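# An overview of the molecular structure
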Amino acid sequence: GTVRNCRIAVDLLKRVCERGSWVSRKLQEAYDQHREGHTDAAAWLFLRLAEAGHEVAQMNLAHILDSGTSSLLLQDAPSEATSDTASGTEEARALGRI
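These notes cover the structure that comes with them. (Residues numbered from 1 in each chain as written. Predicted model: local features only at pLDDT ≥ 70, side-chain atom pairs only at ≥ 80, totals over all residues. Heavy atoms only, no water.)

### Some points on the packing of helix α3 (residues 39–51) against helix α4 (residues 55–67)
The criterion, for reference: The convention used is that axes are lines fitted to C-alpha atoms, helices contributing only their stretch in contact, and that angles between N-to-C directions extend from 0 to 180 degrees. Think of it this way: any DSSP run of H or I at least four residues long counts as a helix, any run of E at least two long counts as a strand, and we number them from the N terminus. Two helices cross in a left-handed way if the nearer one is turned anticlockwise from the farther one by less than a right angle. They cross in a right-handed way if the turn is clockwise. Any two residues whose heavy atoms approach within 4.5 Å at even a single point are treated as in contact. Polar here means any residue outside two lists: the nonpolar Ala, Val, Leu, Ile, Met, Phe, Trp, Tyr, Cys and Pro, and the charged Asp, Glu, Lys and Arg; Gly therefore counts as polar.
One way to put it is that α3 packs onto α4 with a least axis distance of 8 Å and a crossing angle of 145°. Relative to α4, α3 is oriented so that their crossing is left-handed. Note on element contacts: α4 touches α3 through Ala57, Gln58, Asn60, Leu61 and Ile64, opposite Thr39, Ala42, Ala43, Phe46, Leu47, Leu49 and Ala50. A per-class count over the contact of α3 with α4 returns 9 nonpolar, 3 polar and no charged.

Given below as structure tokens:
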């Protein structure tokens, strides 16, 4: 077999997770929301991805929050970005209010 190496295993897992179809769709959706001027909705999507460890989403969220263009931290989660909360997942319940 191969040599067991946790560092390599974590790196490979991170690559797979960051390039998965769900992540790609959500990242593109966040970019589209931001481009269309829906900054809070974009920030919410970037937040969800950032909490999952996606580095690009972390940087994009930091930029949005640092620029002051989002009031995400000052209000309930935007309704446009939380349409998938209807699935009732534990994640949606945990992140439903900031």
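### Let's talk about helix α2 (residues 21–35)
What counts, and what does not: By this rule the span expected of a helix is its residue count minus one, scaled by 1.5 Å. Type-normalised accessible area, obtained with a 1.4 Å probe on protein chains alone, sets the label of each residue: buried when under 20%, exposed when over 50%, and partly exposed for intermediate values. Working note: the arc is built from the helix axis to C-beta atom directions.
Between its first and last C-alpha atoms α2 spans 21 Å; for 15 residues at 1.5 Å apiece the expected length is 21 Å, and the two agree. Those residues of α2 that fall on the buried side of the exposure criterion are Val23, Lys26, Leu27, Ala30 and Gln33. In an axial view of α2, the angular spread of the buried residues amounts to 125°, which keeps them on one side of the axis. Exposed and facing more than 90 degrees away from the buried side of α2 are Ser21, Arg25 and Arg35. Elements that come into contact with the buried residues of α2 comprise α1 (6–18) and α3. Residue glycine 37 follows α2 closely and has a positive phi angle near 90°.

### Considerations on the nonpolar core
As a reminder of what qualifies: Side-chain atoms within 4.5 Å are what join buried Ala, Val, Leu, Ile, Met, Phe, Trp, Tyr and Cys residues into a set we call a nonpolar core.
If you look at the biggest cluster of nonpolar residues, it comprises 15 residues, and the most contacted ones within it are Phe46 and Leu61. Those elements that place two or more of their residues in this core are α2, α3 and α4. Sorting elements by how many residues they give to this core places α3 first, with 8 residues. If we ignore the near neighbours within four places in the chain, the residues touching leucine 61 are Ala43, Phe46, Leu47 and Ala50.

### What to know about the environment of aspartate 40
Inspection of the secondary structure assignment puts aspartate 40 in helix α3. Separated by 31 residues in the primary sequence, aspartate 40 and serine 71 have C-alpha atoms spaced 6.5 Å apart.

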